[in-house]
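A structural walkthrough
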Amino acid sequence: MALTAVEEHPYHHLIDPLSDDGRLKFFNLHKLNDSRYVKLPLSIRVLLEAAIRNCDGFYVTEEDVQNILDWEKQQASTEVPFLPARVLLQDFTGIPAMVDLAAMRDAVAKHGVDPRLVNPKCHTDLIVDHCLQKDYSKCAIQNAPNPGGGEGATRPPPSKPVPRRGSHCGGQRGPCSKTACNEPPSSTSAGRPHAPVQQIENTPLLCPFHLKPVSEGETSVKNQEMELSRNKERLQFFKWCSKAFKNVNVVPPDVGAVHQVNLEYLSRVIQIGGGLIYPDSVLGTDSHTTMINGLGILGWGVGGIESEAVMLGQPVSLSLPPVVGCKLVGSINPLSTSIDVVLGITKHLRQAAIAGKFVEFFGPGVSQLSAPDRTTIANMCPEYNATVSFFPVDRVTIQHFKKTHFSQEKLELLESYLKAVKLFRNYEDPAEDPRYSEVIEIDLSSMVPHVSGPKRPQDRVAVCGMKEGFQSCLDEKLGPRGFHISKDKQGVRVPFLHAGQEYHLGHGSVVIAAVISCTNNCNPSVMLTAGLLAKKAAEAGLRVKPYIRTSLAPGSGMATHYLNAGGVLPYFSRLGFEVIGYGCATCVGNTAPLPESVVDAIKQGDLVACGVLSGNRHFEGRLCDCIRANYLASPPLVVAYAIAGTVGIDFEKEPLGLDCDGRDLYLRDIWPSREEVQRTEEDAVISSVFKDLKARMAKGNTFWSNIECPESAVFPWDAKSTYIRSPSFFGKLSKEVPPLQSIDEAHALLFLGDKVTTDHISPAGSIARVSAAAKYLLSKRLTPREFNSYGSRRGNDAVMTRGTFASIKLQNRLVGKAGPKTLHVPSGQTLDVFEAAERYQRDGVALIILAGKDYGSGSSRDWVAKGPYLMGVRAVIAESFERLHKKQLVGVGILPLRFAPEQNADTLQLAGTERFSVSLPQRLAPGQQLDVKTSDGKNFVVTAELDNELDVIFLQHGGLLRYVARTML
């Protein structure tokens, strides 16, 4: 909203200047003079501000504003609109939306309207991150001294790397690039299966088919070349979009994953537009969108159709959500890592009934969580079924942004605005606590660190009780936990010589210690904790006994990068934890043999020797057949147990060893504080990550600049393209809104049962060779190996319409067996669903769909409503609809009709072969009852599932796209 129109705004009296110069203004919600505002959860305050700012009397009304303000009474029972500050798209879900906008430009241009007027009304970021495939990679020979041990392993790995079956350099037909290798594929390797290649970094780069070296600098370039070749049409279209449309920002390939770019580069916390400052908020088509809530930015994931509607200026509709206040109290256990805390909070919230609710964190314990901790917790929303997990901005958030792309001026503006509208929190001040629907209190001190073992990963033991826990394992009978060691043998100590020095082993002695940063241990704070612990231990004079097989296997080169940036990598090395490479090692039993003297001592005393590792698997005998007890632990605890040399230690009461002055040194003396870890993470790691992101942006822009694209205002569609095609949503678009036409003598395209999901309606996987989509692609002279998937061809309506109802699991009662087939009633033939719909359309016959309960349940897809619309479906008659899918149907112009209570197709004895007529009045009302007549004389009543006047308008126009286009004619 521009300031020039504020006088017409119903809440213009709330606008105040933020600074003395009056350059920026904002809606000062305190001027509502309503005590309810300061009692609202801060996440609801964001919804309220958006509703007030966007109140236009059409999409957002004053009644909506009052409903949000009255949140305590209206929650869970009232629908409210929300217009976010921006939309976030990844390329797979973004391409249909951008294709529709390009087609809309064609449609308005035919009526003499400047096509450049067609642009997203909401700022849109599109990240091209789903294109890149690893055609050239770093391969390594897997030839560990102790291979095997993994699940399902029936033979040792091959002694040399073997290419995947049928693969070529770059995965393309034809010869390899000359710069890689020129030899033809070996005929002896084309027809036999091979074991998978072990991928390890820091080894020679090889052409994936011929195994000839490729230089380090050439690899990234070659992958980009393959990406450009494979996705040329899509990338050229995206490049055109970035130039042709306003409010569209395209982040080019090879920059980063969508959620990471959102966190590191696109997050703003506040937005400035039209002279107004307001909160940042986002709806995204990526499942990790909720991570942004950890930075005080409200956002969640939606489907492609919903995001497209928001781009076109339509708010998303949501039930005013209950907000669960998650109060964090207590101090985090000094030995607990960030992963312990994140998983502990996740476990508590999973046990609560919070599905579909907002979670908002408060309480003094929140200040102990770093910004990365908060984003990790927010990312776990799917684990406990919350819509968002919101962390309001506080001083910790501000400190985080100081290390990113925020200038000091931006930070001062941000803090000033958030404090002015009370969106800034002091978690230590309970007077600021809002009211919540309910409160869940979590004591952070209760989240004590655990290890898992000694034989199974599901058997967890608190570190504080580890000494007693291991003792009980010695006592127990032989089984999942017990070793059944007699009392008289439990104290045995076996001497042995190693490198000319005598040592002793006993039950519980650690002989393998492996720090691995794969899976959930890739959190920088966890690895940094281990590194800082190693630093303090080394500086204090502690050492790991030389016979213990130590190793450091980072999950990727990025882990080594931030350990090096944090200055801790040399101290890992001083304790014996050398970087051994990048890939699966100790977890799958790939560890170097133990010294013979150690093995002999273990056998001599029949000892229960131990391995400690920070991976995710550790079954008995996997590490080494002479190691009977294996424990999973966090990386810093692996270092601690390695220094102690035994798992039979009480860290609270017993010292790790002696310092340089001969004094007892306890684990608490060298364990790094959370403040120290967070400071290192913010100062060294995060700033380094942002520098790397800027470098990748520059590199990506260079690659991006080499892509040629047209300069025209309308897109020059290529009739030969099988990826990008102008859809027919705007056919016969007139300036006048046509009168609503009744549905006369329609046939049922499908007769479906309960729980028809979006997977049934619009499959997202591979394209079957006998499908209607396959026939189309074959007609374009493509081979089956070039079909790709439905997901990659979302920009081609011809493919996606043919893929509608193409699921092999579809249960259509008109044919009696599973599959993408239906009965063409006039001819009696069983055809592909698309072929039947095509024949009906050619004959001018309207179509409906009959269904049972929960029609359209499941994840949102772009084509679940678009596909049926292009097939000619006018209405869906069902017992009930999934709420989101019902909105999608209305959004494309399909009328959702609900059977009367206690009625369905079976009670009405419908066969599905009748003709159906639905009489529609000229002025249709939301929730209106309508009469349905069948060709065999049946009559029944259905309800039009239209929630408001806006739904009626969209239906009359033939969908949202046609409505928006007409507003420009």
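Here we summarise the structure given alongside this text.

1. Some details on the side chain of Arg-45
- Here Arg-45 lies in helix H1 (residues 42-53).
- With no salt bridge to any partner, buried Arg-45 finds its closest opposite charge in Glu-360, at an N-O distance of 6.8 Å.
- A distance of 2.6 Å separates the side chain of Arg-45 from the backbone oxygen of Lys-422, its partner in a polar contact.
- Filtering out sequence-adjacent residues up to four positions away, Arg-45 remains in contact with Leu-29, Tyr-37, Val-38, Lys-39, Leu-40, Lys-422, Leu-423 and Pro-434.

2. Things to note about the nonpolar core
- Judged by nonpolar contacts, the single largest core of 164 residues is most densely connected at Phe-237 and Leu-895.
- A per-element tally of this core places helix H4 (residues 91-109) first, with ten residues.
- Once you skip the residues sitting within four places of it in the chain, Phe-237 turns out to touch Ile-95, Met-98, Val-99, Ala-102, Phe-715 and Ile-724.
- Of all hydrophobic cores here, the second largest spans 76 residues; its members include Cys-473, Val-568, Leu-575 and Tyr-641.

3. Quick look at the sheet that holds strand E35 (residues 915-918)
- Taken together, seven strands build a closed barrel; the order of strands is E29-E32-E33-E34-E37-E36-E35 and the barrel is mixed. With strand direction ignored, the average angle separating the axes of adjacent strands in the sheet is 40°.
- As defined by bridge partners, strand E34 (residues 895-899) adjoins strand E37 (residues 939-944) across three bridges and the pair is classed as antiparallel. Pairing of Leu-897 across the sheet is with Ala-944, part of E37.
- Packed onto the sheet, helix H25 (residues 833-842) meets strand E29 (743-751) and strand E32 (847-850) and runs at close to 170° relative to E29.

4. Section: the environment of Asp-106
- Note that Asp-106 resides in helix H4.
- Exposure remark for Asp-106: the relative accessible area of 16% places this residue in the buried category.
- Separated by twelve residues in sequence, Asp-106 and Val-118 place their C-alpha atoms 9.7 Å apart.
- Filtering out sequence-adjacent residues up to four positions away, Asp-106 remains in contact with Val-714, Trp-717 and Ser-726.

5. Observations concerning the packing of aromatic side chains
- Counted according to the given criterion, the structure contains 25 aromatic pairs.
- Aromatic side chains Phe-729 and Tyr-869 sit 6.2 Å apart centroid to centroid with 35° between the ring planes, which places their arrangement in the tilted category. Note that Phe-729 is positioned in the loop between helix H21 (674-705) and E29 and Tyr-869 in helix H26 (residues 863-871), a separation of 140 residues in sequence.
- Among the residues examined, Phe-729 registers a relative accessible area of 4% and is labelled buried.
- What links up through ring pairs into an aromatic cluster is the set Phe-237, Phe-238, Trp-240, Phe-245, Phe-715 and Trp-717.
- Lying over the aromatic face of Tyr-278, Arg-53 brings its terminal NZ or CZ to 3.9 Å of the ring centre.

6. Focus: the sheet that holds strand E4 (residues 86-90)
- One open sheet holds the five strands; their spatial order is E9-E5-E4-E12-E13, and the pairing between them is parallel. Because the sheet does not close on itself, it has two edges, and the strands there are strand E9 (248-251) and strand E13 (298-301). Within the sheet, the average angular offset between the axes of one strand and its neighbour, ignoring direction, is 15°.
- Summarising the sheet, strand E12 (residues 281-284) and E13 pair through four bridges and their orientation is parallel. Within E13, the position partnered with Gly-284 by the bridge is Gly-301.
- With respect to the sheet, H4 is in contact with E4, strand E5 (123-127) and E9, its orientation differing from that of E4 by roughly 115°.

7. Focus: helix H9 (residues 338-350)
- Taking 1.5 Å of rise per residue, 13 residues should cover 18 Å, and H9 covers 18 Å from first to last C-alpha, within 8% of that figure.
- When H9 is considered as a whole, its buried residues turn out to be Ser-338, Ile-339, Asp-340, Val-341, Val-342, Gly-344, Ile-345, Thr-346 and Leu-349.

About the criteria used
Residues numbered from 1 in each chain as written. Predicted model: local features only at pLDDT ≥ 70, side-chain atom pairs only at ≥ 80, totals over all residues. Heavy atoms only, no water. Helix = DSSP H or I, 4+ residues; strand = E, 2+ residues; numbered from the N terminus. Buried < 20%, exposed > 50% of the residue type's maximum accessible area, 1.4 Å probe, protein only. Lys, Arg positive; Asp, Glu negative; His and termini not counted. Salt bridge = Lys/Arg side-chain N within 4 Å of Asp/Glu carboxyl O. Polar contact = N/O pair within 3.5 Å; in protein donor to acceptor, adjacent residues only side chain to side chain. Contact = heavy atoms within 4.5 Å. Core = buried A, V, L, I, M, F, W, Y, C linked by side-chain atoms within 4.5 Å. Pairing = 2+ DSSP bridges. Axes fitted to C-alpha atoms, helices over the stretch in contact; angles between N-to-C directions. Phe/Tyr/Trp six-rings, centres within 6.5 Å; stacked < 30°, edge-to-face > 60°. Lys NZ or Arg CZ within 6 Å of the ring centre and 35° of its normal. Expected span 1.5 Å × (residues − 1).

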